[in-house]
Amino acid sequence: MKSNADISLPSEADLPKSPWERPSWVPLYLYLGCVIALALVAIALDASGGGAVTVAVGIAFALASLLLLVSGFAVGTYIVRRFVSHTPDSFHAADPQEQPLGAMLSCPLEQFPMTAFTKLLSDEQKQRLEEQRAQERDLSRAYFADAAPARMVETASSDGTQLVAYALEPNPDSCKWVIAVHGYKGDWPEHMMHARRYAEHGYNLLFPVLRGHAASGGAFIGLGLVDAADLSSWARWLVDAGAETVVLHGHSMGGTAVCRAGAEEPLPLQVKAIVADCAYSDAWNVATLIAREGMHLLCHPSLELARFVLMHSKGGYDIQKVDVAAVAPQMRVPVLVIHGQADCVVQPSMAERIYDAAPAGSKLVFVPGAGHCLAALTDPELYYDALFGFLHERE
């Protein structure tokens, strides 16, 4: 998981209270209208037969039109390349013993990848969070000390994309599995934060490397959209290997991906439950927040230009379709929606939107004082009581 320290986000969750946006091409049409208008003025001036000054003004308008067109699509291309192009493995621990534990357990709070998203936390809360992170790291290291390391496995998604995952089997005789899905630009061991708890409840774990990340294929990060079919492929892979109960558990982008996977037509019946931790209900409103508050970009038409570039790139897609509520009527698996109330990037109101659209039997749990993806470390008792209570109901 890469640090987001260079992105400045709101100091309070769910602020600013900006209107909920739906993607629209109108800002792009207006932008292109300005480009065309400048070009037409240039043509009119050139055709007027005026003097040298008129010709010079016409040339200036023509150059301005061309500059607007080129710079606009350059901005769109830059956004796509920076934020959704294929990213390498992002976590490399200095101590080889720490590498299998991943960034979520191995990084002290001052180096924590989610530090930029913990602005609401007091010094006392941060100290407690650091203590609980260190405790879980030590317990996890001891628990898995004698276990066989996670082994790399491969499969292909429905569109032929080659996918990689890591299988950890602390309970080799068990037919219960959790597919633990990392977040945006994350690394597969992120969910080692939960591995010990799942292992103690009889589960084995499969950690997919989402497309667009590290060794998995795909030109672009899927933002939870195209990842849904990939997770369905992994679920079938587990069922073919003998799994009888499968849980999909993802955080952040991974949480959105598992929600959308619940609406996939070929999702095996063995998938009994979905756990969405700090998932975003749609990618567009997260993008506008980061662009406006974090990067201080002119959101519109910058995001529309990026959307256009991504749609028309090989292997690309339309970010408008990254919307959990839109597919909720097709979801057949109940969802446990867990969210930190101090999350400053995926706003807590997004959890409510997911829950409101989720199927019967779903539950919503807010964890006070928890930042983005930090609920399990902020209040482990609340988090895991809710998690395993929900899963017990599904078994």
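Residues numbered from 1 in each chain as written. Predicted model: local features only at pLDDT ≥ 70, side-chain atom pairs only at ≥ 80, totals over all residues. Heavy atoms only, no water.

Trainee: Residues and numbers for the packing of helix α8 (residues 283–294) against helix α9 (residues 299–311), please.
Mentor: The contact between α8 and α9 brings their axes to 10 Å, and the two run at 130 degrees. Here α9 runs oblique to α8, going by the angle between their axes. Note on packing geometry: the crossing formed by α8 with α9 is right-handed. Contacts between α8 and α9 involve Trp-284, Ala-287, Thr-288, Ala-291 and Arg-292 from the former and Cys-299, His-300, Leu-303, Glu-304 and Arg-307 from the latter. Across the contact of α8 with α9, the residue classes tally to five nonpolar, two polar and three charged. (Axes fitted to C-alpha atoms, helices over the stretch in contact; angles between N-to-C directions. Helix = DSSP H or I, 4+ residues; strand = E, 2+ residues; numbered from the N terminus. Parallel < 35°, antiparallel > 145°, perpendicular 65-115°, else oblique. Left-handed = near helix turned anticlockwise from the far one by under 90°. Contact = heavy atoms within 4.5 Å. Nonpolar A, V, L, I, M, F, W, Y, C, P; charged D, E, K, R; others polar.)

Trainee: Summarise the nonpolar core; cite the residues concerned and give the values.
Mentor: One finds Ile-179, Leu-206, Leu-223, Leu-248 and Tyr-280 to be the most contacted residues of the largest nonpolar core, which totals 63 residues. Ignoring any residue separated from it by four or fewer positions in sequence, one finds Leu-223 in contact with Val-84, Tyr-184, Met-253, Thr-256, Tyr-280, Ala-283, Tyr-317, Ile-319 and Val-322. One finds Leu-168, Met-193, Tyr-198 and Val-275 within the second-largest nonpolar core, a separate group that totals 43 residues. (Core = buried A, V, L, I, M, F, W, Y, C linked by side-chain atoms within 4.5 Å. Buried < 20%, exposed > 50% of the residue type's maximum accessible area, 1.4 Å probe, protein only.)

Trainee: Account for helix α13 (residues 380–394), naming residues and giving values.
Mentor: An ideal rise of 1.5 Å per residue puts 21 Å on 15 residues; α13 measures up with 21 Å between its terminal C-alpha atoms. Along α13, the residues classified as buried are Pro-380, Tyr-383, Tyr-384, Ala-386, Leu-387, Phe-388, Phe-390 and Leu-391. (Expected span 1.5 Å × (residues − 1).)

Trainee: Talk me through the environment of Gly-242; I want residue IDs and the actual numbers.
Mentor: Within the secondary structure layout, Gly-242 lies in the loop between α6 (227–240) and β5 (245–251). Here the alpha-carbon distance between Gly-242 and Leu-32, two residues 210 residues apart in the chain, equals 55 Å.

Trainee: Give me the lowdown on the sheet that holds strand β3 (residues 176–181), citing residues and values where you can.
Mentor: Spatially, the eight strands line up as an open sheet ordered β1-β2-β4-β3-β5-β6-β7-β8, and their pairing is mixed. In this open sheet, the two strands that pair with only one neighbour each are β1 (151–156) and β8 (363–367). In this sheet, neighbouring strand axes are inclined to one another by 20 degrees on average, regardless of whether the strands run parallel or antiparallel. Sheet topology places strand β2 (residues 162–168) next to strand β4 (residues 204–209); five bridges connect them, and they run antiparallel. If you follow Val-164 over to β4, its bridge partner there is Val-209. Lying on the sheet, helix α7 (residues 253–261) is in contact with β3, β5, β6 (271–277) and β7 (335–340); it crosses β5 at an angle near 140 degrees. (Pairing = 2+ DSSP bridges.)

Trainee: I'd like a rundown of the pattern of salt bridges, residues and numbers included.
Mentor: Under the counting rule described, the total for this entry stands at 12 salt bridges. In this structure, Asp-282 and Arg-353 form a salt bridge, with 3.6 Å as the shortest nitrogen-oxygen distance. Of the two residues, Asp-282 sits in the loop between β6 and α8 while Arg-353 sits in helix α11 (residues 348–357), which places them 71 residues apart along the sequence. Exposure remark for Asp-282: the relative accessible area of 5% places this residue in the buried category. Assessed through its relative accessible area of 23%, Arg-353 is described here as partly exposed. The salt bridge involving Arg-394 is made with Glu-393; its shortest N-O contact spans 3.7 Å. A network of salt bridges, in which partner residues are shared, links Glu-136, Arg-196, Arg-197 and Glu-200. (Salt bridge = Lys/Arg side-chain N within 4 Å of Asp/Glu carboxyl O.)

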